[in-house]
Amino acid sequence: EVQLVQSGVAVKKPGESLRISCEGSGYSFSSYWINWLRQRPGKGLEWLGRIDPSDSDTKYTPSFKGHVTISVDKSISTAYVQWSSLKASDTAMYYCARQYNSGPHTDFDYWGQGTLVTVSS
Amino acid sequence: NFMLTQPHSVSESPGKTVTISCTRSSGSIASNYVHWYQQRPGSAPSIVIYEDNKRSSGVPDRFSGSIDSSSNSAALTISGLTTEDEADYYCQSYDISSLFVVFGGGTKLTVL
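In this numbering scheme, every chain counts its residues from 1 along its sequence in written order. Working convention: letters from A go to chains and numbers from 1 go to ligands, in the order in which they are written. Where local features are concerned, this predicted model is filtered to residues with pLDDT of at least 70; where side-chain atom pairs are given and counted, the filter is 80 or more; whole-chain, interface and lining totals use all residues. To get the side-chain values, all heavy atoms of the structure are used, and hydrogens and water are removed first.

So, the overall build of chain A
A tally of helices and strands in chain A yields 0 helices and 11 strands. With C-alpha atoms as the basis for the radius of gyration, the globule rule is written as 2.2 Å multiplied by the number of residues raised to the power 0.38. Expected size for 121 residues packed as a compact globule is a radius of gyration near 14 Å; at 14 Å, chain A falls within 12% of this value. Projected onto its principal axes, the C-alpha coordinates of chain A cover approximately 40 × 30 × 25 Å. Taken over 121 residues, chain A has a buried fraction of 49%. Long-range contacts, defined here as pairs at least 24 residues apart, represent 55% of the contacts in chain A between residues at least 6 apart. Surface accessibility follows the Shrake-Rupley procedure with a 1.4 Å probe radius. Residue values consider only the protein chains on display as shielding. As displayed, chain A offers around 5,400 Å² of accessible surface, 45% of which is attributable to carbon and sulfur atoms. Measuring between centres, the 12 positive side-chain charges of chain A sit 9 Å from its 11 negative side-chain charges. Segments assigned H or I by DSSP are reported as helices when at least four residues long, segments assigned E as strands when at least two residues long, and all are numbered from the N terminus. Note on classification: 1.4 Å probe, protein chains only; a residue is buried when its accessible area is under 20% of the maximum for its type, exposed when over 50%, partly exposed between these limits. By definition, residues are in contact when any of their heavy atoms lie within 4.5 Å. Residues scored as charged are limited to Lys and Arg (positive) and Asp and Glu (negative), so that His and the chain ends carry no count. For charged residues, the charge sits on one atom: NZ in Lys, CZ in Arg, CG in Asp, CD in Glu.

What follows is the structure, encoded as structure tokens:
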């Protein structure tokens, strides 16, 4: 059974760092890109970027580049997104989703359960 | 980059048919695949239609997808509505030049 399991709720203060994770199982981890998406409370889905676990190649949407870092440890089938200095505006639910690596035209066929990140002083 | 525009909300009665549109701002809607996701309250999104009109495994045949080049739009049609269909629906495509993923703003479907 394919599963993407994300790390749990995170409560942080502005300026703190954070890394959340997404562990894949039940499939060939290196054959699927891992995408990260943000959903602010009551709002729509925003794509942050993706990583190719086979070679760690990353792509970021311009509005998130420089503010988040996406990484992967394929030895443990886990992808990460991290912040070095959180802002209150980073408060959101974050999802990972896999995408078959045949190209950007493929859909996000499995999603993680989401990680709620709250940033508040 | 282009934008995908969806109606903010739609509502319809049980048993009826509803269509949710997704209009591309520039470039041809037919040039890149469109996918549709359903997000029920409190849950992660899940794929319902991929590659314009293919139903994902386990999705009832009441769900269908289409592309209309004349309006430069994609559409998700749900027939025989039930209260289980109440959810937010998102269309998604990608920009072939930048390879960025693009989402529509989402449509809240109410079945009442």
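Moving on from the model shown.
Brief notes about the interface of chain B and chain A
Taken together, the contacts link 17 residues of chain B with 20 residues of chain A. Buried surface at the junction of chain B and chain A, both sides included, amounts to about 1,600 Å², of which 67% is carbon and sulfur. The term buried area means the drop in 1.4 Å probe accessible area that two parts suffer when joined, counted for both and summed. For the chain B face of the interface with chain A, the top three residues by lost area are B:Phe100, B:Val101 and B:Phe103, together amounting to 30%. Note on definitions: salt bridges are taken to be side-chain nitrogens of Lys or Arg within 4 Å of carboxyl oxygens of Asp or Glu. Between chain B and chain A we count 0 salt bridges in total. Polar contact is defined as a pair of N or O atoms within 3.5 Å, subject to the rule that within protein one atom must be able to donate a hydrogen and the other to accept it, and that residues adjacent in sequence are counted only when both atoms are side-chain atoms. At the boundary of chain B and chain A, one finds 7 residue pairs in polar contact (both at pLDDT 80 or more). Secondary structure elements with two or more residues in the side of chain B that touches chain A: β4 (35–39), β5 (46–50), β9 (87–94) and β10 (101–103) of chain B. In terms of residue count, the dominant contributor to the side of chain B that touches chain A is β4(B) (3 residues). Tallied by class, the residues present in the side of chain B that touches chain A amount to 12 nonpolar, 5 polar and no charged. For this classification, Asp, Glu, Lys and Arg are treated as charged, while Ala, Val, Leu, Ile, Met, Phe, Trp, Tyr, Cys and Pro are nonpolar and the rest, including Gly, are polar.

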